[in-house]
Amino acid sequence: MMIDPPIDELVKRARGNVYVLSNIVAKRAKEIETLRRVDSTDIDLKSISQACQEVYDGKVVPSDF
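Definitions and cut-offs
- Residues numbered from 1 in each chain as written.
- Predicted model: local features only at pLDDT ≥ 70, side-chain atom pairs only at ≥ 80, totals over all residues.
- Heavy atoms only, no water.
- Helix = DSSP H or I, 4+ residues; strand = E, 2+ residues; numbered from the N terminus.
- Expected span 1.5 Å × (residues − 1).
- Buried < 20%, exposed > 50% of the residue type's maximum accessible area, 1.4 Å probe, protein only.
- Arc of directions from axis to C-beta.
- Contact = heavy atoms within 4.5 Å.
- Polar contact = N/O pair within 3.5 Å; in protein donor to acceptor, adjacent residues only side chain to side chain.

### Side note on helix α2 (residues 18-39)
Thinking step 1. The end-to-end C-alpha distance of α2 is 31 Å, a good match for the 32 Å that 22 residues give at a rise of 1.5 Å each.
Thinking step 2. The set of residues buried in α2 consists of Val20, Leu21, Ile24, Val25, Arg28, Ala29, Ile32 and Arg36. The buried residues of α2 all sit within an arc of 155° when viewed along its axis, so they share a single face. The exposed set on the far side of α2, more than 90 degrees from its buried face, consists of Tyr19, Lys30, Arg37 and Val38.
Thinking step 3. Residues of α2 that are buried in the fold lie against α1 (7-13) and α3 (47-57).
Thinking step 4. Of the residues that open α2, the one with a side-chain oxygen 2.9 Å from the backbone nitrogen of tyrosine 19 is asparagine 17.
Thinking step 5. Downstream of α2 by one or two residues, serine 40 has phi in the positive range, about 55°.

See below:
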């Protein structure tokens, strides 16, 4: 269960649309995985969690995708 960031806040940042949120997070997580493969970096945080955190922090917004 994802506790941080709160799912309600993530939905608000995605224009109140769960579908938009899932698309943004999925696309960003794929980008993160691609970058990790190229850089051969090993990070403890999963790509989905990192993508959710970036949406929550405002680094990734719906207009980016």
